[in-house]
Amino acid sequence: MSELSTHTAPGHRSGFVAVVGRPNAGKSTLVNRLVGEKVSIVSDKPQTTRFPIRAVLTRPDAQLVFVDTPGIHKPRTAFGTRMNNVARDSYDGVDVVVLVVDACEKIGSGDQRLAAELGPSTIVAMNKSDRANHATIAAQLAAAAAWDFAEYFPISARTGDGADELLEAIIARLPEGPQLYPADHVTDTAESVWIAELVREQLLAVTRQELPHSIHTQVVERDGPRIRCEILVERESQKPMVIGKGGAVLKEVGIRARAQLPEGTFLELHVKVEPRWQRRPDIFDRIGLDTLEGEMP
């Protein structure tokens, strides 16, 4: 890794940018788009992001540290409450907040409550504009205008439409300052966490709708190219859904995950029942959820 530059050009800007919003608004897809690399897992299922993921974009004129946060939602478990608390902690004290809103979904009470927590300098990214017609986008922007935030951008994180304009607006609101990370630094997510999340991403893609929130993944052993990843479910009845007939689901998940890992990686997947883990805060640290307590440098 290169060393942190001590010589910063005049006018260079840097800072932290929290990307917040309701579940499934497209926050992770947007962060990946702005950084230009996949640093956060993505899924069409709500509450995919469980950890605040930091992603770094370095340009000659600026360095941005994006904080991809869990979606703010109405919690039904202790784990849901913990995710909400982590998300709120993540946007406390950052330089810029980007509120991502789904252009295809009517602005609801959850969006209103979240908007009420944010300051007037917030930037609104009206995402999924590629899936909504002009009249719908205009109506959504008009409804969001009541929040009286600083700027509003219709964008598509999937196609990139409007992303460049949004990025320039974010940079313009950053304070002048030096680089915070080396120029080649993209994320500070621990590799073991990234691998576990990659496995969970593929599980979300392959398994049935009722399973996503009941699944947790953690790397429990690493020995060179050999990685053992544990998949936790809450009930015995869920194990066959994750394993699949003849192990078909696990096999497909392993193939998909290994395709995104270094060549030669030997990935072992094991399914374990941890009863009602989402409702047991006393075991969060033991099953690897202490990562939720990470703080920004």
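Here the structure is shown first, and the text comes after it.
Chemist: How would you sum up the overall build of the chain? Please name residues and give values.
Modeler: In terms of regular secondary structure, the chain is built from 8 helices and 9 strands. Burial analysis of the chain (297 residues in total) assigns 51% to the buried set. Nonlocal contacts in the chain, meaning residues at least 24 apart in sequence, comprise 72% of its contacts between residues at least 6 apart.

Chemist: Give me the pairing of strand β1 (residues 13–21): which residues, what numbers.
Modeler: Within β1, 8 of the 9 residues are buried, which leaves the element mostly enclosed by the surrounding structure. One ladder, built from 7 bridges, connects β1 with strand β3 (residues 62–68); its direction is parallel. By the bridge assignment for β3, V19 is matched with D68. The pairing of β1 with strand β4 (residues 96–102) spans 5 bridges and is classified as parallel. Bridging from a neighbouring strand, V17 pairs with V96 of β4.

Chemist: Summarise the sheet that holds strand β5 (residues 123–127); cite the residues concerned and give the values.
Modeler: Through backbone hydrogen bonds, the strands of a sheet pair up, either in parallel or in antiparallel fashion. The strand order across the open sheet built from 6 strands is β2-β3-β1-β4-β5-β6, with neighbouring strands paired in mixed fashion. Looking at strand neighbours, the two that pair on one side only are β2 (53–59) and β6 (151–154), the edges of this open sheet. This sheet shows a mean twist of 25° between the axes of neighbouring strands, independent of strand direction.

Chemist: Which residues make up unusual backbone geometry, and what values go with them?
Modeler: A positive phi angle, close to 65°, is found at N24, a residue other than glycine. Judged by relative accessible area, which is 30%, N24 ranks as partly exposed.

Chemist: Run through the packing of helix α6 (residues 191–206) against helix α8 (residues 248–258), naming residues and quoting values.
Modeler: Where α6 contacts α8, the two axes come as close as 9 Å, and the packing angle between them is 130°. Classed by the angle they form, the pair α6 and α8 counts as oblique. Once α6 is placed against α8, the crossing between them reads as right-handed. In this structure, α6 contributes L198, V199, Q202, L203, A205 and V206 to the contact, and α8 contributes V249, E252, V253, R256 and A257. Its residues assigned to classes, the contact of α6 with α8 shows 8 nonpolar, 1 polar and 2 charged.

Chemist: So what's going on with the packing of helix α1 (residues 27–35) against helix α5 (residues 163–172)? Residues and values would help.
Modeler: Relative orientation of the contacting elements α1 and α5 amounts to 80°, with a least axis distance of 10 Å. By the angle class used here, α1 and α5 are roughly perpendicular. Residues L30, R33 and L34 of α1 pack against A163, L166, L167 and I170 of α5.

Chemist: Quick rundown of the sheet that holds strand β9 (residues 266–273)? Include the residues and the values.
Modeler: Across the sheet, which stays open at both edges, the 3 strands sit in the order β7-β8-β9 with mixed pairing between neighbours. Where the open sheet ends on each side, the last strands, each with one partner, are β7 (216–223) and β9. Strand after strand, the sheet turns through a mean of 25° between neighbouring axes, direction not considered. When strand β8 (residues 226–233) meets β9, the two strands line up parallel, connected through 8 bridges. Counterpart to L232 in the pairing with β9 is K272. In the packing of α6 onto the sheet, the strands contacted are β7, β8 and β9, and the crossing angle to β7 comes to about 135°.

Chemist: Describe the nonpolar core, naming the residues involved and giving the relevant values.
Modeler: The biggest cluster of nonpolar side chains holds 29 residues, and the ones touching the most others in it are L30, L64, F66 and I170. Looking at which element gives the most residues to this core, the answer is α5, with 6 residues. Core analysis: the second largest hydrophobic core is formed by 26 residues, A18, V97, V124 and Y181 among them.

Chemist: Break down the pattern of salt bridges for me, citing the residues and quoting the values.
Modeler: Here the structure, examined in full by the defined rule, presents 14 salt bridges. The shortest N-O distance in the salt bridge between R54 and D188 comes to 2.7 Å. Of this pair, R54 sits in strand β2 while D188 is found in the loop between α5 and α6, placing the two residues 134 residues apart along the sequence. What makes R54 buried here is its relative accessible area of 11%. You can call D188 partly exposed: its relative accessible area is 31%. A salt bridge links E274 to R280, with the shortest nitrogen-to-oxygen separation between them at 3.4 Å. Exposure remark for E274: the relative accessible area of 7% places this residue in the buried category. In this structure R280 comes out as partly exposed when scored by relative accessible area, which is 25%.

Conventions and cut-offs
- Residues numbered from 1 in each chain as written.
- Predicted model: local features only at pLDDT ≥ 70, side-chain atom pairs only at ≥ 80, totals over all residues.
- Heavy atoms only, no water.
- Helix = DSSP H or I, 4+ residues; strand = E, 2+ residues; numbered from the N terminus.
- Buried < 20%, exposed > 50% of the residue type's maximum accessible area, 1.4 Å probe, protein only.
- Contact = heavy atoms within 4.5 Å.
- Pairing = 2+ DSSP bridges.
- Axes fitted to C-alpha atoms, helices over the stretch in contact; angles between N-to-C directions.
- Parallel < 35°, antiparallel > 145°, perpendicular 65-115°, else oblique.
- Left-handed = near helix turned anticlockwise from the far one by under 90°.
- Nonpolar A, V, L, I, M, F, W, Y, C, P; charged D, E, K, R; others polar.
- Core = buried A, V, L, I, M, F, W, Y, C linked by side-chain atoms within 4.5 Å.
- Salt bridge = Lys/Arg side-chain N within 4 Å of Asp/Glu carboxyl O.

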